[in-house]
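# Analysis of the macromolecular model
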Amino acid sequence: MGKRVAIVGAGVSGLASIKCCLEEGLEPTCFERSDDLGGLWRFTEHVEEGRASLYESVVSNSCKEMSCYSDFPFPEDYPNYVPNSQFLEYLKMYANHFNLLKHIQFKTKVCSVTKCSDFTVSGQWEVVTLHKEKQESAIFDAVMVCTGFLTNPYLPLDSFPGINAFKGQYFHSRQYKHPDIFKDKRVLVIGMGNSGTDIAVEASHLAKKVFLSTTGGAWVISRIFDSGYPWDMVFMTRFQNMLRNSLPTPIVTWLMARKINNWLNHANYGLMPDDRTQLKEFVLNDELPGRIITGKVFIRPSIKEVKENSVIFNNTSKEEPIDIIVFATGYTFAFPFLDESVVKVEDGQASLYKYIFPANLQKSTLAIIGLIKPLGSMIPTGETQARWAVRVLKGVNKLPPPNVMIEEVNSRKENKPGWFGLCYCKALQADYITYIDELLTYINAKPNLFSMLLMDPHLALTVFFGPCSPYQFRLTGPGKWEGARNAIMTQWDRTFKVTKVRVVQKSPSPFESFLKLFSFLALLVAIFLIFL
C-alpha cells in the first residue's frame, strides 16, 4: 500500500498533485471546501470564503498552447486565449480523463494540519476536516497544500486619508463580478495590475467617467504580439531566454522597454513604470490604449486625499467627483490551518526551499504547490512542482540538509539583483524556463538538446527556437508522454486553426511574376550557352 497523501484544494495545482500522486503509486485524498473543482477558474456570482474569486469576463493571459497541462493539450477548437467558462471545462475534462474525481472530497474544509507526536520519526500529519458540520481526523504520511495566493484581499485603507468620510461605495476588486454597477457613475480604480486594468476598461463602456490610479506605472502589452502571434509563444522561447540571461541587466531592460514602447509609447500615455530595472508583472490588456486615447479612461497618479464625494490626486489640487472606488490592491496569503512553526509568512513570502518545501522541518513531508509568480503560466509551473514534490514525498528524490536549504531561502529573501538577465527581485517572482528546467533536472526529465540534435534535429531546433510549451517537459524521464513530440511539432497548427478559418488564394505580386520569368529566361540562356 502506498503512502497516504492529503491534498488541500482542487484547483489547477491540486488536480495536478492528485495525478502525480497516482502516477507514483501514492494514495491521494483531496479536500475541497467548495462544491466543485476549478479553484480560481470557477466563476460564481458570490464571493466564497477561502476561495479565489473572479469576474465573469476573465480571459486567460497565457495562451492555450503555453498554459495547458504538459500531457493534456486544450481542445484544438478552443480560442487561443481561453474565457474562464471554457477553462473550467478543460479542467473538468482533465479530471475525468485521468479519473481524479473519486479522490476529491467536496464541501470539506481543512481545519488544521498538525505534526503527529512521533513526527521526527514518522513524518506523519494529523489532518482535521469539517464536512456537513461534522469534524473528522485522519493521519497522513504527507501533505500537499494547493490553496494559491489570491484568497486574502489586501485593502490598505490607512494609506488613503479621508476614506472613512467617503459617502460613495468602495470595495476590493475581489468583490467585482459585473460592470452593470458602474452605469452612469464616476469610477476610480486604484491599482494597475491585470484586474485593475480590466475593471477600468469594462467600466469605461458604461460609466460616466473612469480614472485609473497608479503609483508606479506598469508595462502594458497586448496578447497579440508580432504578426498576430500570441505574445507568450513569441516571448517564451529557450533561445530568447538564453539570450536575455546572457546580456547585462541594463541592456536587457532597455531592449525590452524599446520593444514594448514600439507598440505603445508608455511615457505618452502616463503608464511608464518608475522602476524599470526590477521586472514587474506585465499587464495584459488589448483595449486600454484605445480607451485612453478616446477619453474613456484617464490615468492618474496616487491618491493624496479622499473626501466625501471626491478625491484629490497627488501633484494637483483639483478635486475629482467620484461615486465608486475599486481597490485593485492585490492580495496577501496565509495558511490558517498550519502553525507558524511549520510555515511562517513574512513580507509576502514564506521560507520555502525552491518555493515548495519548508526549510526547517525535520522530515520533508509537506509541500506547498503553486506559491510562486513565474513569468509564465501557472498550470505547467505547479504541475512540475508537483512532479518533483511527489517524488520527494515518496522518498525517491532527496533534499539537501536543512542548513543548505535555509541558506538558499535566506539568499533569495535578500532580493539582490543579478548582473545579467531580467531582474526578478519581487517576492515570489521567478524566471519561468530556468526554474522549471531546474525542477526537471531533479527528476531527470529535462530535455537534452545536444543528444536531441543528433537523434532528432528537427525536434531539437523546434524546442530551442520555438515556444517553450509544456509538452517539452514530457519528452523524457519519469512521466514521459508518447504524444509530446507530436504536440510540439503541431502546436502552431492548433494555434491558427481557430483563427485561419477563411482560406484566401494568394495572388502573386508583379515583382514575383517578373522574378519567376527572369529566372526561367536565365535558365534557358544557361542551357543555350552550355550546348552552343
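Residues numbered from 1 in each chain as written. Predicted model: local features only at pLDDT ≥ 70, side-chain atom pairs only at ≥ 80, totals over all residues. Heavy atoms only, no water.

- The protein chain is annotated in an unreviewed UniProt entry as Flavin-containing monooxygenase from Callithrix jacchus.
- As stated in UniProt under Sequence similarities (unreviewed entry), the record for the protein chain gives "Belongs to the FMO family."
- Database annotation for the protein chain, UniProt heading Subcellular location (unreviewed entry): "Endoplasmic reticulum membrane". (UniProt positions renumbered as here; feature names shortened; annotations may be inferred.)

### Some remarks on the nonpolar core
- In terms of nonpolar packing, the biggest core is built from 138 residues, with Y69, L91, M144, F182, F282, L338 and F357 touching the most fellow members.
- With seven residues, the single largest contributor to this core is helix α9 (residues 378-394).
- Discounting residues that sit within four places of it in the chain, L91 has contacts with V12, L15, L37, G38, W41, Y69 and I379.
- Formed by 13 residues, the second largest nonpolar core is a distinct cluster that contains F166, I190, V311 and I325. (Core = buried A, V, L, I, M, F, W, Y, C linked by side-chain atoms within 4.5 Å. Buried < 20%, exposed > 50% of the residue type's maximum accessible area, 1.4 Å probe, protein only. Helix = DSSP H or I, 4+ residues; strand = E, 2+ residues; numbered from the N terminus. Contact = heavy atoms within 4.5 Å.)

### Some remarks on the sheet that holds strand β9 (residues 169-172)
- Read across the open sheet, the five strands follow the order β9-β18-β10-β11-β14; overall the sheet is parallel. The two strands at the open ends of the sheet, each matched to only one other strand, are β9 and β14 (298-300). If you compare each strand with its neighbour and ignore which way they point, the axes differ by 20 degrees on average.
- Where β9 meets strand β18 (residues 324-327), four bridges bridge the pair, whose relative direction is parallel. (Pairing = 2+ DSSP bridges. Axes fitted to C-alpha atoms, helices over the stretch in contact; angles between N-to-C directions.)

### Some remarks on the side chain of E320
- On the secondary structure map, E320 appears in strand β17 (residues 319-321).
- With a relative accessible area of 7%, E320 lands in the buried category.
- In this view, E320 contacts K209, F211, R300, N309, S310, V311 and F313; residues no more than four positions away in its chain are not counted.

### Considering the sheet that holds strand β3 (residues 104-105)
- Read from one edge of the open sheet, five strands run β3-β2-β1-β7-β24, paired in parallel fashion. Looking at strand neighbours, the two that pair on one side only are β3 and β24 (366-368), the edges of this open sheet.
- Across four bridges, the pairing between strand β1 (residues 4-8) and strand β7 (residues 142-145) is parallel. Paired with V5 across the strands is A142, a residue of β7.
- Lying over the sheet, helix α1 (residues 12-23) contacts β1, β2 (27-31), β3 and β7, oriented at roughly 170 degrees with respect to β1.
- Most of the contacts of α9 go to β7, to which it runs at about 165 degrees, and overall it touches β7 and β24.

### Concerning the packing of helix α6 (residues 238-246) against helix α13 (residues 457-465)
- Two elements in contact, α6 and α13, have axes separated by 5 Å at closest approach and are oriented at 50 degrees. With respect to α13, the element α6 is oriented oblique. Between α6 and α13, the residues in contact are R238, F239 and M242 and V463, F464 and F465, respectively.
- For the contact of α6 with α13, the per-class residue count stands at five nonpolar, no polar and one charged. (Parallel < 35°, antiparallel > 145°, perpendicular 65-115°, else oblique. Nonpolar A, V, L, I, M, F, W, Y, C, P; charged D, E, K, R; others polar.)

### Regarding the environment of T462
- Here T462 lies in helix α13.
- On the accessibility criterion, T462 (18% relative accessible area) is buried.
- Sequence separation of T462 and I488 is 26 residues, and the distance between their C-alpha atoms is 7.7 Å.
- When residues no more than four places from it in sequence are discounted, the contact partners of T462 are I488, M489 and Q491.
- Of the polar contacts made by the side chain of T462, one reaches the backbone oxygen of H458; its length is 2.9 Å. (Polar contact = N/O pair within 3.5 Å; in protein donor to acceptor, adjacent residues only side chain to side chain.)

### Quick look at the packing of aromatic side chains
- For the structure on display, the rule yields 35 aromatic pairs.
- Ring geometry for F72 versus Y90: centroids 5.6 Å apart, planes at 35 degrees, classification tilted. On the criterion of sequence distance, the pair formed by F72 in the loop between β2 and α2 (84-97) and Y90 in helix α2 is long-range, its members being 18 residues apart.
- According to the relative accessible area criterion, F72 is buried, its value standing at 13%.
- Residue Y90 is classed as buried on the basis of its relative accessible area, which comes to 0%.
- Between F464 and F465, the ring centres sit 4.8 Å apart and the planes meet at 80 degrees, which makes this aromatic pair edge-to-face.
- Within the aromatic cluster, the residues linked to one another by ring pairs are W41, Y69, F72, F74, Y78, F87, Y90, Y94 and F98.
- The ring of F140 is capped by R4, whose NZ or CZ atom sits 4.4 Å from the centre of that ring. (Phe/Tyr/Trp six-rings, centres within 6.5 Å; stacked < 30°, edge-to-face > 60°. Lys NZ or Arg CZ within 6 Å of the ring centre and 35° of its normal.)

### Remarks on a nonpolar patch on the surface
- A contiguous nonpolar patch, built from F239, M242, L243, L453, L461 and F465 and spanning about 550 Å² of accessible area, is present on the exposed surface.
- Among the secondary structure elements, those contributing two or more residues to the nonpolar patch are α6 and α13.
- Top contributing element to the nonpolar patch by residue count: α6, with three residues.
- Here L461 lies in helix α13. (Patch = residues over 30% accessible without salt bridge, like charges linked within 9 Å, V, L, I, M, F, W, Y side chains within 5 Å. Areas by Shrake-Rupley, 256 points an atom, 1.4 Å probe, with all protein chains shown as cover. Salt bridge = Lys/Arg side-chain N within 4 Å of Asp/Glu carboxyl O.)

### Thoughts on the pattern of salt bridges
- On inspection of all chains with the given rule, the structure shows 23 salt bridges.
- Measuring nitrogen to oxygen at the nearest pair gives 2.5 Å for the salt bridge that ties E23 to K19. Of this pair, E23 and K19 both sit in helix α1, four residues apart, which is roughly one turn of the helix.
- Assessed through its relative accessible area of 42%, E23 is described here as partly exposed.
- Since its relative accessible area comes to 3%, K19 is described here as buried.
- Note that E408 is salt-bridged to K354, the shortest N-O span being 3.4 Å. Highlighted residues: E408 in helix α10 (residues 402-413) and K354 in the loop between β22 (352-353) and β23 (357-358), separated in sequence by 54 residues.
- Classification of E408 by relative accessible area gives partly exposed; the value is 23%.
- Judged by relative accessible area, which is 10%, K354 ranks as buried.
- It is possible to trace a salt-bridge network through shared partners that takes in K19, E23, D71, E383 and R474.

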